[in-house]
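Inside the fold
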Amino acid sequence: MEKISDALLYERVKGKDKEALEELYDRYEKMLYSYLCKMTGDRDLAEEALQEVFVKVWRGIGSYDESKGKFVAWLVTMSRNSAVDLIRKQKKPSVPLDEIAEVESTDSSVEETAEWQEKSDQIHQAVRHLSEEQQKMVQLFYFKGYTHETIAEKCGIPLGTVKSRIRLALKKLKTSLQAVQEGGVLDDKREL
Amino acid sequence: MTNVNCDQLIDYLNGTLNEQEQKQFEAHLAECPECRDIVDATGELPYLAEPVQPDAGMKARILDAVFDEGEQDASETPAPKRERTVPPVAVPKRGFRTSKWTPLVAAALLVSLLGNAYAFYELSDQPDAPTAPEVAFETVDLQASETFEGTGTAALVHEEGALNLLVQANQLQPTSGDQVYQVWLLKDGKPIPTGAFTPSQENEGAVFFSLEEDTEGWDTIAVTLEPNRGNTAPLGEVVLSAAIEPEA
């Protein structure tokens, strides 16, 4: 039997189908929670952010449809923004760059699924094709809970420049990721 | 960049567009494959993080909050009554403390408790009939983890300041060495041990546990397969779990 698409499940969620929401939750719980733990450095805060995301999904705040891209990307954007808000509200300092490794799961008994491993390999490989500056932009924007304004302030770069750098970094990431996923050879001259 | 709207992509991802800008950008997104591809790529970023296993109670906590909040705000139809709870019923006071029961006795006890609950429900016009003393009763089917074949049921009986817990499980994987199946009650993600058992030859097991202090507010019940008896925090994998109704 073919797996129901996220978009179809979301349609059912809009009709207040609890099972559909639970299915979506099961699909992305670990992925989003892992991301939020890394971003906040705090399991409780990560859980709070994840709860906010699913409350929004359930209540139809910021409705999704396929014209907005993949459902999972929409969830990731909401997760990031929930965590950014929570970090700001709690005035909790986001995790310093050099301490991020400490957030890693201490539970070594957790068996990573093959899917996780594959996805993780792909994105890590794609990130290695970014320049150091571009990696830093992705790191600050997606993993340190900084808004683009904060990055501009901290790095002493105009906001417009920060935005275009993040955009370029993400664009290159997309191109590298597609190349990695298709198993193709990256032609760096083609980039940017 | 092909369109002035493309400039707003990062504001969109940052959630800083106002309502009108947001709508405009979403319309742009539907038309601009490049922006959409970039958005899609961000969906893979979480895999840069190390996998972190959520604790056993998180899903129940989050989904309960999601559905409760949804119902409060939507105020459409009243919340459907949860099937897993039954109205408070009179159960004869039992004097036992922590003790292990054979699966057969446990099964009989469970059936008798369920029978009481059912009979009371049938006879009573009102679920909260005044004759019911301060005893609340709840049963819940335990959900098996993805890799676990077994099944289980838990019954919780609140009576006069004590919380009695009966857990029964079937089709258990046999234990080896010092391994035991350990039952836990969790409150806000923090577990306490509430009895352990090893499966019989028929791969069944059960345990009865009575809490006389701190009987309120437990939200999750879980069974783990522990490497040994007597752990105060779970070391093994969760094999069975369920959300329970915290007592008000």
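Just above, that's the structure.
Definitions and cut-offs
- Residues numbered from 1 in each chain as written.
- Chains lettered and ligands numbered in written order.
- Predicted model: local features only at pLDDT ≥ 70, side-chain atom pairs only at ≥ 80, totals over all residues.
- Heavy atoms only, no water.
- Helix = DSSP H or I, 4+ residues; strand = E, 2+ residues; numbered from the N terminus.
- Buried < 20%, exposed > 50% of the residue type's maximum accessible area, 1.4 Å probe, protein only.
- Contact = heavy atoms within 4.5 Å.
- Areas by Shrake-Rupley, 256 points an atom, 1.4 Å probe, with all protein chains shown as cover.
- Core = buried A, V, L, I, M, F, W, Y, C linked by side-chain atoms within 4.5 Å.
- Arc of directions from axis to C-beta.
- Axes fitted to C-alpha atoms, helices over the stretch in contact; angles between N-to-C directions.
- Parallel < 35°, antiparallel > 145°, perpendicular 65-115°, else oblique.
- Left-handed = near helix turned anticlockwise from the far one by under 90°.
- Buried area = accessible area lost by both parts, 1.4 Å probe.
- Salt bridge = Lys/Arg side-chain N within 4 Å of Asp/Glu carboxyl O.
- Polar contact = N/O pair within 3.5 Å; in protein donor to acceptor, adjacent residues only side chain to side chain.
- Disulfide = S-S within 2.5 Å.
- Phe/Tyr/Trp six-rings, centres within 6.5 Å; stacked < 30°, edge-to-face > 60°.

Describing the overall build of chain A
From N to C terminus, chain A includes eight helices and zero strands. When the elements of chain A are put in sequence order from the N terminus, they spell out α-α-α-α-α-α-α-α. Among the 192 residues that make up chain A, the fraction classed as buried is 49%. Within chain A, counting contacts between residues at least 6 apart in sequence, those at least 24 apart form 65% of the total. When the accessible surface of chain A is split by element, carbon and sulfur atoms take 46% of a total near 9700 Å².

Overview of the overall build of chain B
Looking only at helices and strands, chain B has five helices and eight strands in total. Going through the 248 residues of chain B one by one, you find that 47% of them count as buried. Carbon together with sulfur atoms contributes 50% to the accessible area of chain B, which is approximately 12500 Å² in total.

As for the nonpolar core
Counting 81 residues, the largest nonpolar core has L21(A), L50(A), V57(A), Y142(A), L170(A) and L13(B) as the members making the most contacts within it. Tallying contributions element by element places helix 2 (residues 18-40) of chain A first for this core, with twelve residues. Residues within four places of V57(A) in sequence aside, it is in contact with Y10(A), V13(A), L21(A), W74(A), L75(A) and M78(A). In this structure, L156(B), L172(B), L211(B) and I244(B) belong to the second largest nonpolar core, which totals 25 residues.

Thoughts on helix 1 (residues 6-14) of chain A
Residue and element names in this part refer to chain A. For helix 1, the complete set of buried residues consists of D6, A7, L9, Y10 and V13. Down the axis of helix 1, the buried side of the element spans an arc of 160 degrees, and every buried residue falls inside it. In this structure, the buried side of helix 1 is in contact with helix 2, helix 3 (43-59) and helix 4 (71-89). In the segment just after helix 1, K16 is the residue with positive phi, at about 65 degrees.

Considerations on the packing of helix 5 (residues 114-128) of chain A against helix 8 (residues 159-182) of chain A
Residues and elements named next belong to chain A. Between helix 5 and helix 8, the shortest axis-to-axis distance is 8 Å and the interhelical angle comes to 130 degrees. By the angle between their directions, the pair helix 5 and helix 8 is classed as oblique. Regarding helix 5 and helix 8, the two cross each other, and that crossing is right-handed. Taken together, the residues of helix 8 that come into contact with helix 5 (itself represented by Q122, I123, Q125, A126 and V127) are L173, S176, L177, V180 and Q181.

Re the interface of chain B and chain A
It is common to give the size of an interface as the accessible area lost on bringing the parts into contact. With 49 residues of chain B in contact, the opposing surface of chain A contributes 62 residues. Interface area for chain B against chain A, summed over the two sides, is near 5500 Å², with a carbon-plus-sulfur share of 64%. For the pair chain B and chain A, the number of links is nine salt bridges. Linking E50(B) and K38(A) is a salt bridge whose minimum nitrogen-to-oxygen distance equals 3.0 Å. There are 15 residue pairs in polar contact (both at pLDDT 80 or more) connecting chain B and chain A. Contributing elements (two or more residues each) for the side of chain B that touches chain A: helix 1 (9-13), helix 2 (19-31), helix 3 (33-42) and helix 4 (58-74) of chain B. Here the side of chain B that touches chain A takes twelve residues from helix 4 of chain B, the largest share from any one element.

Quick notes on unusual backbone geometry
At K16(A), a position not held by glycine, the phi torsion is positive, near 65 degrees. Since its relative accessible area comes to 32%, K16(A) is described here as partly exposed. Non-glycine residue D188(B) carries a positive phi angle of around 50 degrees. Looking at the secondary structure, you find D188(B) in the loop between strand 4 (180-187) and strand 5 (190-197).

A look at the state of the cysteines
Residue and element names in this part refer to chain B. Under the counting rule described, the total for this entry stands at zero disulfides over all chains. This cysteine, C6, is not joined by any disulfide, and C35 carries the nearest cysteine sulfur, 3.7 Å off. On the basis of relative accessible area, C6 is assigned to the buried category, the value being 1%. A disulfide-free cysteine, C32 has its sulfur positioned 3.7 Å from the sulfur of C35, the nearest such atom. According to the relative accessible area criterion, C32 is buried, its value standing at 7%.

Quick word on the packing of aromatic side chains
Per the counting criterion, the structure on display carries 15 aromatic pairs over all chains. When the ring of Y64(A) is compared with that of W74(A), the centres are 5.4 Å apart and the planes differ by 45 degrees; the resulting orientation is tilted. Here Y64(A), found in the loop between helix 3 and helix 4, pairs with W74(A), found in helix 4; they are ten residues apart in sequence, far enough to count as distant. Between Y12(B) and F25(B), the aromatic rings sit 4.8 Å apart at their centres with planes inclined by 35 degrees, giving tilted as the arrangement. Within this pair, whereas Y12(B) is found in helix 1, its partner F25(B) is found in helix 2, the two being separated by 13 residues in sequence. Taken together, Y10(A), Y28(A), Y64(A), F71(A) and W74(A) form an aromatic cluster joined through their ring pairs.

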